Amino acid sequence: MTDIKLLFCVGLAVVLTGVGKSAFIGKSHSGGKDDPVLQYVVNNSLREHPVLTKLRLRTLEDQWSIMMVASEQAQFMANLIRLINATKAIEIGMYTGYNTLSMALAMPENGKVVACEIEDTYVNIAKPFFKEAGVEDKIDVRHDIAMKTLDALIGAGEAGTYDFVFIDADKFNYDRYYEKSLELIRRGGIIAIDNVLWSGRVVNPDPSDLTSQGLDALNKKLHKDQRIDLSMLIVGDGLTIAIKR
Ligand SMILES: C[S@@+](CC[C@H](N)C(=O)[O-])C[C@H]1O[C@@H](n2cnc3c(N)ncnc32)[C@H](O)[C@@H]1O
């Protein structure tokens, strides 16, 4: 076989098998907006509560809407909440409240979500939607630095009592949020960690990119961590599900 034919055959095999192509797509409202497979997934599986739809559309008007959780990911986490019959959850980094509202809607009447958010603008956007959906009593918004809220919950004797934690605030503190979350959840409880792929930048992170390096270090730590069982999913910007042993 001539070199040029060999090159062609190898090239075709790479295209047909997808080898060398990343499976990373991103969120349906940002990086994956034009991806036909992801849009198919959303069109054929998303069951969005009408108030969640309104909140998503309102959030898309915000200049930082890329921060919003992907709706397909929020629905997946709401289903995990149903699966483990969660009644106590924490959201670390609420933003405009899409995932907090989604979790509250998935919980029974006695369910409670503690939502940590530092920015008043976002708290003010979120609250009317919680009221409109009729779940404001289930949501305890802690307008403060997340670490302070987590310490306060531990100080109030709530260690080992939470069923589900979603970590989605400043990446710099992710490892500390993870350790606090492990303290706060019960055995069999779930810690969901967002942005673990960081748009793919965790793969061979640039030496000057401290955020990607930090996330990569946390991913590697969790891989070896015998306190949990885990899966790392290519959903949204990458989602790790850690189940406390
Ligand atoms: C990626 S967004 C969260 C998105 C949200 N989980 C959702 O469902 O759409 C991160 C949020 O964390 C908040 N945040 C960042 N650092 C924080 C801190 N130290 N304490 C509390 N909130 C923080 C930011 O203001 C921002 O709204």
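Preceding block: the structure.
Residues numbered from 1 in each chain as written. Predicted model: local features only at pLDDT ≥ 70, side-chain atom pairs only at ≥ 80, totals over all residues.

Colleague: Would you explain the packing of helix α8 (residues 174–184) against helix α9 (residues 210–224) in this entry?
Modeller: Relative placement of two packed helices is described by the angle separating their axes and the distance separating the axes. At a closest axis distance of 10 Å, the pairing of α8 and α9 adopts a crossing angle of 35 degrees. Listed contacts from α9 to Tyr 174, Asp 175 and Tyr 178 of α8 are Gly 214, Leu 215 and Leu 218. Its residues assigned to classes, the contact of α8 with α9 shows four nonpolar, one polar and one charged. (Axes fitted to C-alpha atoms, helices over the stretch in contact; angles between N-to-C directions. Helix = DSSP H or I, 4+ residues; strand = E, 2+ residues; numbered from the N terminus. Contact = placed C-beta atoms within 7 Å. Nonpolar A, V, L, I, M, F, W, Y, C, P; charged D, E, K, R; others polar.)

Colleague: Can you walk me through the site of the ligand in this structure?
Modeller: Neighbouring the ligand are 19 residues; Val 69, Gly 93, Tyr 95, Asn 99 and Ala 146 lie closest to it. Across the shell around the ligand, the residue classes break down as 12 nonpolar, two polar and five charged. (Near = placed C-beta within 6 Å.)

Colleague: How should the sheet that holds strand β3 (residues 139–142) be read in this particular structure?
Modeller: Whether parallel or antiparallel, the strands of a sheet pair through hydrogen bonds between backbone atoms. If you trace the seven strands from one edge of the open sheet to the other, you get β3-β2-β1-β4-β5-β7-β6, paired in mixed fashion. Single-partner strands in this sheet number two, and they are β3 and β6 (228–233). Going across the sheet, the axis of each strand differs from the next one's by a mean of 15 degrees, ignoring polarity. Both strand β2 (residues 112–116) and β3 contribute to a ladder of four bridges, which runs parallel. Residue pairing for β3: Cys 116 is matched across the bridge by Arg 142. (Pairing = 2+ DSSP bridges.)

Colleague: Looking at this structure, I do not really get the nonpolar core. What am I missing?
Modeller: Generally speaking, nonpolar side chains in soluble globular proteins are found buried as a group. By size, the foremost hydrophobic cluster in this structure holds 61 residues, and its most contacted members are Leu 101 and Val 165. Here this core gets six residues from one element, more than from any other, and that element is helix α5 (residues 98–106). Filtering out sequence-adjacent residues up to four positions away, Val 165 remains in contact with Ala 89, Ile 90, Ile 92, Ser 181, Leu 184, Ile 185 and Ile 191. (Core = buried A, V, L, I, M, F, W, Y, C linked by C-beta atoms within 7 Å. Buried ≥ 20, exposed ≤ 12 C-beta atoms within 10 Å, placed from the backbone.)

Colleague: Would you mind going over the pairing of strand β4 (residues 162–167) with me for this structure?
Modeller: Every other side chain in a regular strand lies on the same face of the sheet, so the side chains alternate between the two faces. Here β4 lies mainly inside the structure; six of its six residues are buried. Pairing analysis gives five bridges linking β4 to strand β5 (residues 185–194), with the strands arranged parallel. Note on β5: the bridge partner recorded for Val 165 is Ile 191. Traced from β4 through α8 to β5, the parallel crossover comes out right-handed. (Right-handed = clockwise from strand over helix to strand, strands pointing away.)

Colleague: I keep staring at the environment of Pro 50 and nothing clicks. Help me out?
Modeller: The topology assignment puts Pro 50 in helix α3 (residues 50–60). Residue Pro 50 is classed as exposed on the basis of its C-beta count, with 9 C-beta atoms lying within 10 Å. For the pair Pro 50 and Ala 133, spaced 83 residues apart in the sequence, the C-alpha separation amounts to 8.6 Å.

Colleague: I tried to follow the packing of helix α7 (residues 146–155) against α8 on my own but got confused; where do I start?
Modeller: Viewed as axis vectors pointing N to C, α7 and α8 meet at an angle of 20 degrees, and their least axial separation amounts to 10 Å. Taken together, the axes of α7 and α8 are roughly parallel relative to one another. Judged by the sense of rotation from one axis to the other, the crossing of α7 with α8 is left-handed. For the pair α7 and α8, the contacting residues are Ala 146, Met 147, Leu 150, Leu 153 and Ile 154 in the first and Arg 176, Tyr 177, Lys 180, Glu 183 and Leu 184 in the second. Residue composition of the contact of α7 with α8, grouped by class: seven nonpolar, no polar and three charged. (Parallel < 35°, antiparallel > 145°, perpendicular 65-115°, else oblique. Left-handed = near helix turned anticlockwise from the far one by under 90°.)

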